[in-house]
Amino acid sequence: MDQPRHAVTARSIAARGIGPAPQQGTALLPPMDMASTYLRDPDNGYSAGSVYGRADNASVRHAERQVALMEQAHAGLLFSSGMAAATAVFTAMAPTHIVAPTIMFWGLRDWLHDIARHGHSITYVDMSNLPAVAGAIRPGETGLVWIETPSNPLWTITDIEAVAGIAHRAGAILCADSTAATPVLTRPLTLGADIVMHSATKYLNGHSDVVAGVLAAARPSALWTRIGALRAQIGSAASPFDAWLLARGLRTLHLRMREHCRTGQFLAEALDGHPAIAEVLYPGLPRHPGHAVARRQMEGGFGGMLSLRLRGGEEAAIAVAAGVELWQRATSFGGVESLIEHRASIEGAGSPCPDDLLRLSAGLEDPDDLLRDLHRALASLG
Ligand SMILES: Cc1ncc(COP(=O)(O)O)c(C=O)c1O
């Protein structure tokens, strides 16, 4: 299906969908491509472009192109998980020095502990402290700066444009995990990032029924080619069914994000100052240290993720998670249903996550019901 000739926003691309490839006919929506292999032409070529399912799949190409268009990217690559997408960047790079945030998604931080086996060295830094970021980078030696904004689970904000400037001046590229922001709120490539990464398991799919990840690049590069080749070689692309579900989920992303943001903001404001809560962590609160930067680089809201630090410590946090009825106790985030999690319990030993912290993913239920449920659970702390 042809794209509109005039520029349209990511919202319109998402809602309209991008239709099937020309060889898939006139259906408004593309059929799922379940083939593991494709016919070779009589002249021994592959004129349609697809050879074998590990490397080529129309459903995968469709979903990754949709995300790439929304991110204003040159191209996208869809992976079998957010971790597969993130680790593809690190493993495809020649040995280099990496600068990464002290606070970031724990699963990736855990994997990075052993990054020396790939020949890389790493320095962790508070990405909200720009002089510290500049100090951590070694001009000529640092090849990659990795950021995550808002970052899990404290929802700290990184100034993408400023860090991109620092990275580029030192000859490094910037890769941004934008899972919590989504292209609805922030488009890191337009702010100077070279690659944007998402766990599509979260908001992009949005229905808690797909595990997938995506990378989108600002421009072609040797690294981008290597990442694509690596994905084809080891078979880390998403399955056709997951890709198809993701493309469907994306079509309502803008509407869902609007509600996630509204409810996130509503809950953060309503719970701020509650006697049982020491701190509400949410970038939409004016006293959040990253609020001014978030206002600049997040468009239309501050997301649906917030964390609560309980005055009663770990015991109180676990009791509140046990006391809710509408919120559901589960890890992950970004789905239509609201989730609550005692984050330190899942991150385990060595996690920098405070043990008094509850991570909340505001879903699409009635915000008043969600607040009442939390108030009841908080009241039962006595
Ligand atoms: C910010 C962030 N990045 C990456 C990941 C990894 O994604 P996946 O679970 O799809 O592998 C997660 C998962 O929770 C995440 O929260």
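All residue numbers refer to position in the chain's written sequence, counted from 1. In keeping with the model being predicted, local features are shown solely for residues with a pLDDT of at least 70 and side-chain atom pairs are shown and tallied solely at 80 or more, while totals for entire chains, interfaces and linings include all residues. Think of the side-chain values as coming from all heavy atoms in the structure, minus any hydrogens and water.

*Asks:* How should I be thinking about the site of the ligand in this particular structure?
*Replies:* The rule for a residue being near a molecule or strand is that one of its heavy atoms must lie within 4 Å of it. The environment of the ligand is formed by 14 residues, the closest being Met83, Asp177, Ser199, Thr201 and Lys202. Note that an oxygen atom of the ligand is positioned 2.8 Å from one of the side-chain N or O atoms of Ser199. Elements with a contribution of two residues or more to the shell around the ligand: helix H3 (82–92) and strand E6 (195–199). Looking at the shell around the ligand residue by residue, the class counts come to five nonpolar, six polar and three charged. What qualifies as a polar contact is a pair of N or O atoms within 3.5 Å, subject to a donor-acceptor requirement within protein and to the restriction that residues adjacent in sequence count only when both atoms come from side chains. Numbering goes from the N terminus for both helices and strands, where a helix is a DSSP run of H or I of at least four residues and a strand is a run of E of at least two. By the convention adopted, Pro, Cys, Tyr, Trp, Phe, Met, Ile, Leu, Val and Ala count as nonpolar, Lys, Arg, Asp and Glu as charged, and the other residues, Gly among them, as polar.

*Asks:* Help me understand the packing of helix H2 (residues 58–70) against helix H9 (residues 240–250) in this model?
*Replies:* Each pair of packed helices can be summarised by the angle the axes make with each other and by the distance between the axes. Under this scheme, a helix contributes an axis fitted over its contacting stretch, all axes are lines through C-alpha atoms, and angles between N-to-C directions fall in the 0 to 180 degree range. The N-to-C vectors of H2 and H9 enclose an angle of 35°; their axes lie 7 Å apart at closest approach. As H2 packs across H9, the resulting crossing turns out to be left-handed. Mapping the contact onto sequence places Ser59, Val60, His62, Ala63, Gln66, Val67 and Met70 in H2 and Pro240, Ala243, Leu246, Ala247 and Leu250 in H9. When the residues that make up the contact of H2 with H9 are grouped by side-chain class, the tally is nine nonpolar, three polar and no charged. By definition, any crossing whose near helix is turned counterclockwise from its far helix by less than a right angle is left-handed, and any crossing with a clockwise turn is right-handed. Residue contacts follow a heavy-atom distance rule, with two residues in contact if any of their heavy atoms lie within 4.5 Å.

*Asks:* I keep staring at the sheet that holds strand E3 (residues 121–125) and nothing clicks. Help me out?
*Replies:* Consider a sheet: its strands pair through backbone hydrogen bonds, and that pairing is either parallel or antiparallel. Between any two strands, at least two bridges found by DSSP are needed for them to pair. Ordered in space as E1-E7-E6-E5-E4-E2-E3, the seven strands form an open sheet in which the pairing is mixed. At either margin of the open sheet sits one strand with a lone partner, and together these are strand E1 (75–79) and E3. Strand-to-strand twist of the sheet, defined as the mean angle between neighbouring strand axes without regard to direction, takes the value 20°. Seen against the sheet, helix H6 (residues 160–169) touches strand E4 (142–148) and strand E5 (173–177) and runs at an angle of roughly 150° to E5. Its contacts with the sheet put helix H8 (residues 222–234) on E1, E5, E6 and strand E7 (213–217), and the angle it makes with E1 is roughly 30°.

*Asks:* I keep staring at the sheet that holds strand E11 (residues 339–342) and nothing clicks. Help me out?
*Replies:* One open sheet accounts for five strands, arranged E8-E9-E12-E11-E10; its pairing is mixed. A strand with exactly one partner marks an edge of an open sheet, and here the two such strands are strand E8 (277–281) and strand E10 (328–329). Across four bridges, the pairing between E8 and strand E9 (residues 305–310) is antiparallel. Opposite Glu279, over in E9, you have Arg309 as the bridge partner. Helix H10 (residues 253–271) rests against E8 and E9 of the sheet, and its axis sits at about 20° to E9.

*Asks:* Sorry if this is basic, but what is going on with the domain arrangement of the protein here?
*Replies:* Many structure descriptions define interface size as the accessible area lost when the parts assemble. Domain delimitation in this document rests on an assignment produced automatically or drawn from a domain database. Split by domain assignment, the protein resolves into domain 1 (10–250) and domain 2 (255–379). For domain 1 versus domain 2, the separation of C-alpha centres amounts to 26 Å. If you look at the interface, domain 1 gives 35 residues, while domain 2 gives 39 residues. With both sides pooled, the region where domain 1 packs onto domain 2 buries about 2700 Å², and carbon together with sulfur makes up 60% of that total. Looking only at domain 1, the three residues that lose the most surface to domain 2 are Trp106, Trp155 and Tyr203, adding up to 29% of its buried area. One side-chain nitrogen of Lys or Arg within 4 Å of one carboxyl oxygen of Asp or Glu is enough to make a salt bridge. Counting across the interface, domain 1 meets domain 2 through two salt bridges. Of the charged contacts in the structure, one is a salt bridge between Glu299 and Arg187, with a shortest N-O distance of 2.8 Å. Here domain 1 is connected to domain 2 by 18 residue pairs in polar contact (both at pLDDT 80 or more). Listed by contribution, the elements that provide at least two residues to the side of domain 1 that touches domain 2 are helix H7 (182–185) and H9. The term buried area means the drop in 1.4 Å probe accessible area that two parts suffer when joined, counted for both and summed.

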